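Breakdown of the fold
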Amino acid sequence: MEVPFNNLFAQYQSLKPEIDDAISSVIAESAFVRGRFVEKFEQDFAEAIGIKHCVSCGNGTDALYIAIRALGLEPGDEVITTAHTWISTAETITQAGGRVVFCDTELDSFLIDVDQIESLITEKTRGIIPVHLYGQAADMDEIMAIAHKYKLWVIEDCAQAHLAEYKGQQVGTFGNAATFSFYPGKNLGAMGDAGAIVTNDDHLAEWMTLFARHGGKGDHQIEGINSRLDGIQAAILSVKLPHLPKWTAQRQSIAKQYETLLTGVSGTQTPLLKPDRSHVYHLYVIKSDKRDELQAFLSQHRIQAIVSYPLALPNCQAYNYLDKQGLRSAFVNATKNQSKILSLPIFPEISKISIGHIADTIKSFNL
Ligand SMILES: *Cc1c(COP(=O)(O)O)cnc(C)c1O
C-alpha cells in the first residue's frame, strides 16, 4: 500500500462539478484579477472567521508583509516571533524594515514559549507575531496581556490554523490583524497561490487594501505593491470554504485515530494538545528518537512523511548574524525538536486503513 503525504486530486474529485463551474464562470466574465468573485470570497471568509474585514492578496507571505507595513516599523524596530516556523513569518519582518527577535518554543507543543517573551522586550520592540503552528492555537491570553502591558501590536500568523479556536474564540480575531495562506496544501487551499489578512480595524483594512493595490489609482496616495487575488482562485476558494468545518472535523478524527494507535509506542511521542483550545491538525507531528531512520523506514514502505521544519530558523544560514550577537545557542527547545519531529500523512480523504497501516509500520520499526 502506498500512502502519499497529501492528495489534492482526491479533494478536487469530490467537488469537481462545482469547481469546474466556478472556473468557467470566471472565464466567461473575464474576471481574472479582483472583481466580483474576489469580493464574494472576501465577504465569505470574513464571515467564516467572524471578523469585519478580509483583505485578499497574492499569498500568505505577502499577507504578513502587508500587515506589518500597515502597523508600521521604523528602522531598528524589533518584532518578536517564534524560532520554529516557516520562514515567511521572519523574513517579512526584515523586509518591512524591522529586526527579527526570535523566541524559543515549548518543547512539547512546538508553540512560542510565552514565558520567555517578556525577557526579549526592549525599548525598540513594536510587535509580536505568534504562529498557530501545525494548527494548534498559541497561548493568546498571555500574548495579548504582554502586548497590552508594553503597548505592542500583535499579528497572528494563521497560515496553518484556519478555524482553530482558543477558549471558544477563533484564531485570527485576537490580534490587531491576522494573516492566512491558501497555498494548495493548507487546510483551505486554492489551486495556486492565494492569501488574506483579516482585521476588525477599519482604518487598517483600508490602508492594507490601498497598499496591496499600488496605493490607489491615478493620483496614488502612497507607493504600494501589487498583491492581488485571482478571480479563479477566489471562486475555487468560495466553493471549498463551506466544506472546511467538515474537513477540519475529519482531520481531528484522523488525529484521534493516530493518537489511539501510537500512544505508548516506545521511542515515539504523539503531539500534545494544550488545554482550552482546538487543534486543526494542518500537520500531525510526532517526535521520534530515531527520526531520520524512521522516515527512511516509512519511505521504504512507500509511506511519505516529511519534516516541517528541519532547522529552527535561528539555525539557518540566513540568520548567521545571530552568532555575532552571541544568540545562536538561545533556542534550546526548537533546536532539540528540529531533529525529532516528523509529520505523518493527514488529509480529510485519507482512509482508516491507511492510518492503521502507517501506525503498524511505525510499530514494526520500533520493535
Ligand atoms: C504557508 C505559511 C506561510 C506563507 O504562506 P504562502 O501562501 O506560502 O506565502 C506563512 N506562515 C506559515 C506559518 C505558513 O505555514
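Everything quoted here is computed from the prediction, not taken from an experiment. All residue numbers refer to position in the chain's written sequence, counted from 1. Whole-chain, interface and lining totals are the exception, using all residues; otherwise, since this is a predicted model, local features are given only for residues with pLDDT of at least 70 and side-chain atom pairs are given and counted only at 80 or more. Excluded from the side-chain calculations are hydrogens and water; all other atoms, namely the structure's heavy atoms, are used.

1. Observations concerning the domain arrangement of the chain
Applicable threshold: Each domain span listed reflects an automatic or database assignment of domains. The contact criterion used is simple: two residues touch if any of their non-hydrogen atoms lie within 4.5 Å. Using a 1.4 Å probe, buried area is obtained as the accessible area two parts lose upon being combined, added over both of them. Within this document, salt bridges are pairs made up of a side-chain nitrogen of Lys or Arg and a carboxyl oxygen of Asp or Glu, the two lying within 4 Å of each other. Polar contact is defined as a pair of N or O atoms within 3.5 Å, subject to the rule that within protein one atom must be able to donate a hydrogen and the other to accept it, and that residues adjacent in sequence are counted only when both atoms are side-chain atoms.
By domain assignment, the chain separates into domain 1 (8-242) and domain 2 (244-365). At the junction of the two partners, domain 1 supplies 44 residues and domain 2 supplies 39 residues. Both faces considered, domain 1 and domain 2 share a buried interface measuring about 3700 Å² in area, 58% of it formed by carbon and sulfur atoms. For the pair domain 1 and domain 2, the number of links is four salt bridges. Asp108 is the salt-bridge partner of Lys287, the closest N and O atoms lying 3.6 Å from each other. For the interface between domain 1 and domain 2, the tally reads 27 residue pairs in polar contact (both at pLDDT 80 or more).

2. Section: the site of the ligand
Cut-off, in case you're wondering: When we say a residue is near a molecule or strand, we mean one of its heavy atoms is within 4 Å of it. Exposure was quantified through the Shrake-Rupley algorithm and a 1.4 Å probe, taking into account, for residues, occlusion by the shown protein chains and nothing else. Using a 1 Å grid laid over the protein atoms alone, points where a 1.4 Å probe fits but cannot get out form a cavity; open sets with protein on both sides within 12 Å along at least 5 of 7 lines form a pocket; any residue with an atom within 4 Å of a point counts as lining. Those molecules having more than half of their atoms within 2 Å of a cavity or pocket grid point set are described as sitting in that cavity or pocket. Here a helix means four or more residues in a row that DSSP labels H or I, a strand means two or more in a row labelled E, and each is numbered from the N terminus. Polarity classes work like this: nonpolar for Ala, Val, Leu, Ile, Met, Phe, Trp, Tyr, Cys and Pro, charged for Asp, Glu, Lys and Arg, and polar for all others, with Gly in that last group.
Looking at the ligand, there are 14 residues lining it, with Gly60, Thr61, Asp157, Ser181 and Lys186 nearest. Within the contact set of the ligand, an oxygen atom lies 3.5 Å away from a side-chain nitrogen or oxygen of Asn59. Between an oxygen atom of the ligand and a side-chain N or O atom of Lys186, the distance comes to 3.1 Å. Considered on its own, the ligand offers 380 Å² of accessible surface; in the complex 92% of this is hidden by protein. The pocket occupied by the ligand, as judged from atoms lying within 2 Å of grid points, is the largest pocket. Mapped by element, the contributors of at least two residues to the shell around the ligand are helix H4 (60-71) and helix H5 (88-95). The class makeup of the residues in the shell around the ligand is four nonpolar, eight polar and two charged.

3. Let's talk about helix H9 (residues 244-262)
Convention followed: How far a helix is expected to stretch is found by multiplying one less than its residue total by 1.5 Å.
Over its 19 residues, H9 runs 27 Å from end to end, which matches the ideal 27 Å to within 8%, given 1.5 Å per residue. Buried positions along H9 lie against helix H1 (8-14), helix H8 (231-240), strand E11 (284-288), strand E12 (341-344) and helix H12 (352-366). A positive backbone phi angle near 90° is found at Gly264, which sits one or two residues after H9.

4. Regarding the layout of surface pockets
Picture a little ball the size of a water molecule; that probe, rolled over the atoms, points out where space is still empty. This is how the line gets drawn: Grid points are joined across faces, edges and corners, and a volume is the space filled by probe spheres set on the points.
A volume near 590 Å³ is recorded for the largest pocket. In terms of lining residues, the largest pocket is bounded by 30 residues, among which Trp86, Tyr183, Lys186, His282 and Tyr309 are the most central. Every element with two or more residues in the lining of the largest pocket is listed here: H4, H5 and strand E8 (177-181). Looking at the lining of the largest pocket residue by residue, the class counts come to 13 nonpolar, 13 polar and four charged. Formed jointly, the lining of the largest pocket draws a minimum of three residues from each of two domains, domain 1 (8-242) and domain 2 (244-365). By volume, the second largest pocket is sized at about 210 Å³. Lining the second largest pocket are 15 residues, and of these Val101, Phe102, Leu120, Leu327 and Phe331 sit closest to its centre. When grouped by side-chain class, the residues that make up the lining of the second largest pocket number nine nonpolar, three polar and three charged. A domain split of the lining of the second largest pocket shows at least three residues from each of domain 1 (8-242) and domain 2 (244-365).

5. Looking at the environment of Asp139
Our working definition: Only protein chains enter the accessibility calculation, which uses a 1.4 Å probe; a residue is then buried when its area is under 20% of its type maximum, exposed when over 50%, and partly exposed in between.
Along the chain, the position of Asp139 falls in the loop between strand E4 (125-129) and helix H6 (140-150). You can call Asp139 buried: its relative accessible area is 6%. Between the C-alpha atoms of Asp139 and Leu111, which are 28 residues apart in sequence, the distance is 8.2 Å. Separated by 3.0 Å, the side chains of Asp139 and Lys274 make a polar contact.

6. Notes on the sheet that holds E11
Rules: Pairs of strands are assigned from DSSP output, requiring at least two bridges between the strands. Every axis in this analysis is a line fitted to C-alpha atoms, fitted for helices over the stretch in contact. Angles between the N-to-C directions lie between 0 and 180 degrees.
Strand order in the open sheet formed by three strands is E10-E11-E12, with antiparallel pairing between adjacent strands. Every interior strand has two partners, whereas the edge strands, strand E10 (268-269) and E12, have only one. By the bridge criterion, two bridges tie E10 to E11 in an arrangement that is antiparallel. Residue pairing for E11: Gln269 is matched across the bridge by Lys287. Taken strand by strand, H9 contacts E11 and E12, and its axis lies near 20° from that of E11.

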